[in-house]
Amino acid sequence: MDRRKILLGMALAAVVLTGCKPTEKNYRAAYDAAVSKREKVNESLAADGLISEDAPRKQMIDGEEFYFAVDGVKAEDETVAQRPVKVAVSVFKMPTNARSGAEALRAKGYQACAGKALGDKWYLIAGSFDSVADAAAFIREFKAKNPKFQYIGMETPVIIRN
């Protein structure tokens, strides 16, 4: 009887110990899934129409393409929150990352803040405006002054209308 318990215990331990090992195949599958997700985001930004519901759309303003999104963004700064048009330069899942980016942009003189969107998105808002034309002018200036800025989660700034 004791021998059966010992063998059963050893068999159970062997299953547990061998079942948790990550394999190259599992790593490859996770990597491929991440690459696929990134490509879908890039496709949605590059498309003329929507590929997903929350993907920004291209629109022409004065012969220049800009990306637009409609999202219920709640800016943490009241002065930004009151203006209807915002320019987001990055998107994060962690509010601390958006807040940290806002601090860095404020140090450069921008009226930046973090903004909570629907779901688990946090935008880094570089500025807010009363009109789309003002937002487009801001984007042109921002890109000229910050040519190496990394648009995390985006390829370019996005104009957000609530």
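Throughout what follows, the structure given in this document is the object of discussion.

1. Overview of the environment of Gly 153
Part 1: By the element assignment, Gly 153 lies in the loop between α5 (132–145) and β7 (158–161).
Part 2: Considered as a pair, Gly 153 and Lys 93 are 60 residues apart in the sequence and their alpha carbons are 9.8 Å apart.

2. Structural notes on the pairing of strand β5 (residues 113–116)
Part 1: Two elements, strand β3 (residues 74–75) and β5, share two bridges in a ladder whose sense is antiparallel. Bridged to Lys 74 within β5 is Lys 116.
Part 2: Bridge count for β5 against strand β6 (residues 122–129) is four bridges, and the pairing is antiparallel. In the sheet register, Ala 114 faces β6, and the bridge partner there is Leu 124.
Part 3: Counting the residues between successive antiparallel strands, the hairpin from β5 to β6 contains five residues, one of them, Gly 119, with a positive phi of roughly 80°.

3. Focus on the nonpolar core
Part 1: Within the largest apolar cluster, 39 residues are counted, with the highest numbers of intra-cluster contacts made by Val 89, Leu 105, Tyr 123 and Phe 142.
Part 2: Contributions of two or more residues to this core are made by β2 (64–70), β4 (85–92), α4 (95–107), β5, β6, α5 and β7.
Part 3: Dropping the residues within four chain positions of it, Tyr 123 is found in contact with Asp 71, Val 73, Ala 88, Ser 90, Val 91, Ala 98, Cys 113, Ala 114, Gly 115, Ala 117, Met 154 and Ile 160.

4. A short note on the packing of aromatic side chains
Part 1: Counted according to the given criterion, the structure contains seven aromatic pairs.
Part 2: Taking the centre distance of 5.1 Å and the plane angle of 45° together, the rings of Phe 129 and Phe 138 count as tilted. Of the two residues examined, Phe 129 and Phe 138, each falls in the buried class.
Part 3: Between Phe 142 and Phe 149 the ring centres are 5.2 Å apart and the planes differ by 80°, which places this aromatic pair in the edge-to-face class.
Part 4: Owing to a relative accessible area of 1%, Phe 142 belongs among the buried residues under this scheme.
Part 5: Three or more aromatic residues joined by ring pairs form one cluster here, namely Tyr 110, Phe 129, Phe 138, Phe 142, Phe 149 and Tyr 151.

5. Regarding the sheet that holds β2
Part 1: One open sheet accounts for seven strands, arranged β1-β2-β7-β4-β6-β5-β3; its pairing is mixed. In the strand order of this sheet, the two ends are held by β1 (57–61) and β3, each with one partner.
Part 2: Sitting on the sheet, α4 touches β4, β5 and β6, and the angle it makes with β6 is about 35°.

6. Examining α5
Part 1: Over its 14 residues, α5 extends 20 Å from the first C-alpha to the last, a length consistent with the 20 Å expected when each residue adds 1.5 Å.
Part 2: Buried within α5 are the following residues: Ala 135, Ala 136, Phe 138, Ile 139 and Phe 142. Buried positions in α5, seen along its axis, are confined to an arc of 160° and lie on one side of it. Exposed residues pointing more than 90 degrees away from the buried face of α5 are listed as Ala 133, Ala 144 and Lys 145.
Part 3: For α5, the secondary structure elements touched by its buried residues are β1, β2, β4, α4, β6 and β7.

7. Description of a nonpolar patch on the surface
Part 1: Where nonpolar side chains cluster on the molecular surface, the patch consists of Ile 6, Leu 7 and Met 10 and spans about 330 Å² of accessible area.
Part 2: Its place among the elements puts Ile 6 in helix α1 (residues 2–19).

The rules behind these values
The residue numbers shown here count from 1 along each chain, following its written sequence. Side-chain atom pairs in this predicted model are given and counted only at pLDDT of 80 or more, local residue features only at pLDDT of at least 70, and totals for whole chains, interfaces and linings cover all residues. The basis for every side-chain value is the complete set of non-hydrogen atoms in the structure, without hydrogens or water. To qualify as a helix, a DSSP run of H or I must reach at least 4 residues; to qualify as a strand, a run of E must reach at least 2; elements of each kind are numbered from the N terminus. Two strands form a pair only when DSSP identifies at least two bridges running between them. What makes a nonpolar core is a set of buried Ala, Val, Leu, Ile, Met, Phe, Trp, Tyr and Cys residues whose side-chain atoms join them at distances within 4.5 Å. Categorising residues by exposure relies on relative accessible area from a 1.4 Å probe, with only protein chains included: less than 20% of the type maximum marks a residue as buried, more than 50% marks it as exposed, and the intermediate range marks it as partly exposed. Contacts: residue pairs with any heavy atoms within 4.5 Å of one another. Any two of the Phe, Tyr and Trp rings considered here, Trp counted by its six-membered ring, make a pair once their centres fall within 6.5 Å; the pair's planes then place it as stacked at under 30 degrees, edge-to-face at over 60, or tilted in between. Throughout, an axis means a line fitted to C-alpha atoms (over the contacting stretch in the case of helices), and angles, computed between N-to-C directions, take values from 0 to 180 degrees. Given a helix with a known number of residues, its expected span is that number minus one, times 1.5 Å. Here, the arc refers to the directions that run from the helix axis to the C-beta atoms. Two distance rules govern patches: like charges are joined within 9 Å, and nonpolar side chains (Val, Leu, Ile, Met, Phe, Trp, Tyr) within 5 Å, applied only to residues with over 30% relative accessible area and no salt bridge. The Shrake-Rupley method, run with a 1.4 Å probe, gives the accessible areas here. Residue values count only the displayed protein chains as cover. Salt bridge, as used here: a side-chain nitrogen of Lys or Arg that lies within 4 Å of a carboxyl oxygen of Asp or Glu.

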